[in-house]
Amino acid sequence: MTKKWGLLVSAVAFSAMLLTACGGESKDQAASGTPSAAAPVATTGTAINIEASNWKFNQDTFEVKAGEEFTVNFKSAEGFHGIGIEGTDFELQKEGSKTLKIDKAGEYTIFCNVICGPDHGKMVAKLVVK
């Protein structure tokens, strides 16, 4: 019976961690009591700014030019997230910046690569390379 209780307690604790991974307030929000304003977003050119919050990104679509280097600036505004770009070796598992170049035009899926809660699978955006 003791082994069953230990397993139950472990399962409950693990489930609670998964459900709350995306929760919480950002530092700005905690200090001011209000949600932080989104930073200006550059969706074309040499940089794109991707901000993650509870199960969504700040934009549905980002655009860059094929064959040109660009920098991805990534920030978690709420919760703990990372990003990957399908079809590339790009990934960040915490806030930061990384430069890359995609030569082939097309649409690439941007996804959260840190399991962050019940709607983790819905956390996607599109990178359009023209």
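Structural data are supplied above this passage.
Residues numbered from 1 in each chain as written. Predicted model: local features only at pLDDT ≥ 70, side-chain atom pairs only at ≥ 80, totals over all residues. Heavy atoms only, no water.

Caption draft 1: Quick look at the sheet that holds strand β2 (residues 56-57). The 4 strands lie next to each other as β2-β1-β4-β7, forming an open sheet whose pairing is mixed. Unpaired on one side and paired on the other, β2 and β7 (96-101) mark the two borders of the sheet. Summarising the sheet, strand β1 (residues 47-53) and β2 pair through 2 bridges and their orientation is antiparallel. What sits directly across from serine 53, in β2, is lysine 56. (Pairing = 2+ DSSP bridges. Helix = DSSP H or I, 4+ residues; strand = E, 2+ residues; numbered from the N terminus.)

Caption draft 2: The sheet that holds strand β9 (residues 124-129), seen in detail. The sheet built from 5 strands is open, its strands ordered β3-β9-β8-β5-β6 with mixed pairing. At either margin of the open sheet sits one strand with a lone partner, and together these are β3 (61-64) and β6 (91-92). Note: strand β5 (residues 83-85) against strand β8 (residues 106-111), 2 bridges, orientation antiparallel. Following the sheet pairing, isoleucine 85 is matched in β8 by isoleucine 110.

Caption draft 3: Region of interest: the pattern of salt bridges. Per the stated rule, a full pass over the model turns up 3 salt bridges. Residue lysine 130 pairs with glutamate 63 through a salt bridge whose shortest N-O separation is 3.6 Å. Within this pair, whereas lysine 130 is found in the segment after β9, its partner glutamate 63 is found in strand β3, the two being separated by 67 residues in sequence. Looking at lysine 130, the relative accessible area reads 59%, which means it is exposed. Using a relative accessible area of 29% as the deciding quantity, one classes glutamate 63 as partly exposed. (Salt bridge = Lys/Arg side-chain N within 4 Å of Asp/Glu carboxyl O. Buried < 20%, exposed > 50% of the residue type's maximum accessible area, 1.4 Å probe, protein only.)

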